[in-house]
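Each chain is listed here by its residues.
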Amino acid sequence: MIKLGVNIDHIATLRQARMEDFPSPLKAASVCEKAGADSITTHLREDRRHIQDRDIFEIKESLRTRLNFEMAACDEIVQIALKVQPYSVCIVPEKRQEVTTEGGLDVFSQKKRLSEIVKKLRDTGIIVSMFIDPEIKQIEACADIKADAVEIHTGKYAQLFKINSPDVNSELERIKQASIAATERKLIFNAGHGLDYKNVSKICEMKNLNELNIGFAILAQALFDGLEKAVGDMKEILSQY
Ligand code: PXP
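Residues numbered from 1 in each chain as written. Predicted model: local features only at pLDDT ≥ 70, side-chain atom pairs only at ≥ 80, totals over all residues. Heavy atoms only, no water.

Caption draft 1: Seen up close, the packing of aromatic side chains. Enumeration according to the criterion identifies one aromatic pair in this entry. When the ring centre of Phe-108 is taken as origin, the NZ or CZ atom of Lys-137, which lies over that ring, is 4.5 Å away. (Phe/Tyr/Trp six-rings, centres within 6.5 Å; stacked < 30°, edge-to-face > 60°. Lys NZ or Arg CZ within 6 Å of the ring centre and 35° of its normal.)

Structure representation (structure tokens):
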């Protein structure tokens, strides 16, 4: 069955908007787990706009499932990841001005630097994933630097789906080819970004899909339905594949 990782960053976005001590990402993680989430994802951004350092340590301590730690490939955050020892990390590109992670990481152009980071993390037993666009040359680069997994950026697919564009099919084909290339190279195949209750099904049809990481759509739905139901409803969709 396809696993569901729930990204809880936006619980912290809400908290930081008022510099309060609630709502608690820790409590959210626990509710998500109760509702069937297979892992919890959080992104400690360099600008600390939502999740804070103490959140990561507290969440790691309290989780019964797995912590997937999203991070930029920078020394400060690598040191934190080594201390936290999450189950997995997902290395993402990070730009200060962006609203969210806008594109995949260019692994191909930074193989030497990234392979050193991957080694450091893997040597301590952390599973390392790379957040990339669905491009074969990026998949090959991930295999070359000995990453364990790839997470394919589905943001472009989600945008095309929303406007009902005919180009959605070619983007789905790109993701499918990426899944085949990843599997051939023994890379774990994950996906995420921009996925919601309507557009997720087409991605679920991909073969060898291990896990989806979904945040914004679930937390937005939780405002009306509650977090437990919002997670449970997404789990229900994934369980059909
Ligand atoms: N995967 C990665 C690597 C991300 O950076 C994000 C966004 O933080 C997500 C998944 C979740 O995206 P969304 O919030 O659009 O579901």
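Caption draft 2: Representation of helix α1 (residues 9-18). Along α1, the residues that are buried comprise Asp-9, Ile-11, Ala-12, Arg-15 and Gln-16. Axial view of α1: buried residues confined to an arc of 150 degrees, hence all on one face. Across from the buried face of α1, at angles greater than 90 degrees, the exposed residues are Leu-14, Ala-17 and Arg-18. Looking at the packing, one finds that the buried side of α1 touches β1 (3-7), α2 (25-34), β2 (39-43), α3 (53-62) and α10 (216-225). (Buried < 20%, exposed > 50% of the residue type's maximum accessible area, 1.4 Å probe, protein only. Helix = DSSP H or I, 4+ residues; strand = E, 2+ residues; numbered from the N terminus. Arc of directions from axis to C-beta. Contact = heavy atoms within 4.5 Å.)

Caption draft 3: Highlighting the pattern of salt bridges. On inspection of all chains with the given rule, the structure shows 17 salt bridges. Across the salt bridge formed by Lys-34 and Glu-228, the nearest N and O atoms sit 3.7 Å from each other. Note that Lys-34 is positioned in helix α2 and Glu-228 in helix α11 (residues 227-238), a separation of 194 residues in sequence. Under the relative-accessibility criterion, Lys-34 is labelled exposed at 62%. (Salt bridge = Lys/Arg side-chain N within 4 Å of Asp/Glu carboxyl O.)

Caption draft 4: Fine view of the pairing of β1. A large share of β1 lies buried, amounting to four of its five residues. Bridge count for β1 against strand β8 (residues 209-214) is four bridges, and the pairing is parallel. Across the sheet, Val-6 pairs through a bridge with Ile-214, a residue of β8. Relative to β2, β1 runs parallel, the two being bridged by three bridges. Bridge assignment links Gly-5 to a residue of β2, and that residue is Ser-39. (Pairing = 2+ DSSP bridges.)

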